[in-house]
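Architecture and fold: a report
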Amino acid sequence: MESLSNKKKVLVSKPLNFAERIYLPAIASGMATTIGHFFKKPATVKYPEQAREFSINWRGMHSLKRDEQGRERCTACGLCALSCPAEAITMIAAERKNEEKHLYREEKYASVYEINMLRCIFCGLCEEACPKEAIYLDGPIVPADYLRKDFIYGKDKLVEAPLDVK
């Protein structure tokens, strides 16, 4: 069967000379490449002992911030959950009681705030949508785990520790 374009490439295999037949030049060039890699800076990082440097705009694990008085900033407006393209954020709002004024800034707060880290794509839209600057992606790397339920982070893991205000 002939080709449609009538373009043929004829392969001509020339005989190998003596040096090519004993493979010494190929072995020498391979060894030169291998030895050259001994003197280059390694591309990997020894992770547990050595921390990797991240760029300025790197996004880590979520954290819910507190204000200067140690109260939670989140007012359960739901804008972070609405802006999340992966639908990783779920929350349930509740009314603040009089005895909880020292815990929450506004009359409404998030009684349940969960982020499914398996769904999160770390886009930062929740951080941009929050009018109270309550959520930031400034935490550490999300640690590895074995069970799916351990990747659903609640307020116990997300809310930062209160400041010691005296």
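Note that the coordinates shown come from a computational prediction; the quantities given were computed from them, not determined experimentally.

1. What about empty space enclosed by the protein?
Overall, the coordinates contain two cavities of 30 Å³ or more when judged by the stated rule. Space inside the largest cavity adds up to approximately 90 Å³. The residue makeup of the lining of the largest cavity, split by class, is twelve nonpolar, two polar and one charged. His 62, Cys 84, Ala 88, Ile 89, Ile 115, Cys 120, Ile 121, Phe 122, Cys 123, Gly 124, Cys 126 and Leu 137 are the residues that line the second largest cavity. When the residues that make up the lining of the second largest cavity are grouped by side-chain class, the tally is ten nonpolar, two polar and no charged.

2. What about the sheet that holds strand S3 (residues 108-116)?
The strand order S2-S3-S5 describes an open sheet built from three strands, whose pairing is antiparallel. Each edge of the open sheet carries a strand with a single partner, namely strand S2 (89-95) and strand S5 (152-153). One ladder, built from seven bridges, connects S2 with S3; its direction is antiparallel. Following the sheet pairing, Ile 92 is matched in S3 by Val 112.

3. Looking at the packing of aromatic side chains
According to the stated counting rule, one finds two aromatic pairs in the structure shown. Between the aromatic rings of Phe 54 and Trp 58, the centroid separation amounts to 4.1 Å while the plane-to-plane angle is 15°, which identifies the pairing as stacked. On the basis of relative accessible area, Phe 54 is assigned to the partly exposed category, the value being 33%. Residue Trp 58 is classed as partly exposed on the basis of its relative accessible area of 31%. Ring geometry for Tyr 104 versus Tyr 109: centroids 3.8 Å apart, planes at 10°, classification stacked.

4. A closer look at the pattern of salt bridges
Overall, the coordinates contain seven salt bridges when judged by the stated rule. For Lys 65, the salt bridge is made with Asp 138, and the minimal N-O distance between the two is 2.8 Å. Linking Lys 65 in the loop between strand S1 (63-64) and helix H3 (79-83) with Asp 138 in the loop between strand S4 (135-136) and S5, this pair joins segments that are 73 residues apart in sequence. Taking the relative accessible area as the measure of exposure, Asp 138 reaches 44% and is therefore partly exposed. Between Arg 71 and Asp 67 there is a salt bridge whose closest N-O contact spans 3.1 Å. Here the residues in one salt-bridge network are Lys 65, Asp 138 and Glu 160, joined through shared partners.

5. Regarding the environment of Tyr 109
Here Tyr 109 shows up in strand S3. Looking at Tyr 109, the relative accessible area reads 8%, which means it is buried. Here the alpha-carbon distance between Tyr 109 and Met 91, two residues 18 residues apart in the chain, equals 9.7 Å. Sequence-distant contacts of Tyr 109, defined by excluding residues within four places in its chain, comprise Cys 74, Thr 75, Ala 76, Ile 92, Ala 93, Ala 94, Glu 95, Arg 96, Glu 100, Tyr 104 and Lys 155.

What counts, and at which threshold
- Residues numbered from 1 in each chain as written.
- Predicted model: local features only at pLDDT ≥ 70, side-chain atom pairs only at ≥ 80, totals over all residues.
- Heavy atoms only, no water.
- 1 Å grid on protein atoms, 1.4 Å probe; cavity = no way out; pocket = protein on both sides within 12 Å on 5 of 7 lines; lining within 4 Å.
- Points joined across faces, edges and corners; volume = space filled by probe spheres on them.
- Nonpolar A, V, L, I, M, F, W, Y, C, P; charged D, E, K, R; others polar.
- Pairing = 2+ DSSP bridges.
- Helix = DSSP H or I, 4+ residues; strand = E, 2+ residues; numbered from the N terminus.
- Phe/Tyr/Trp six-rings, centres within 6.5 Å; stacked < 30°, edge-to-face > 60°.
- Buried < 20%, exposed > 50% of the residue type's maximum accessible area, 1.4 Å probe, protein only.
- Salt bridge = Lys/Arg side-chain N within 4 Å of Asp/Glu carboxyl O.
- Contact = heavy atoms within 4.5 Å.

Such coordinate-based values are descriptive only and should not be taken to indicate function.
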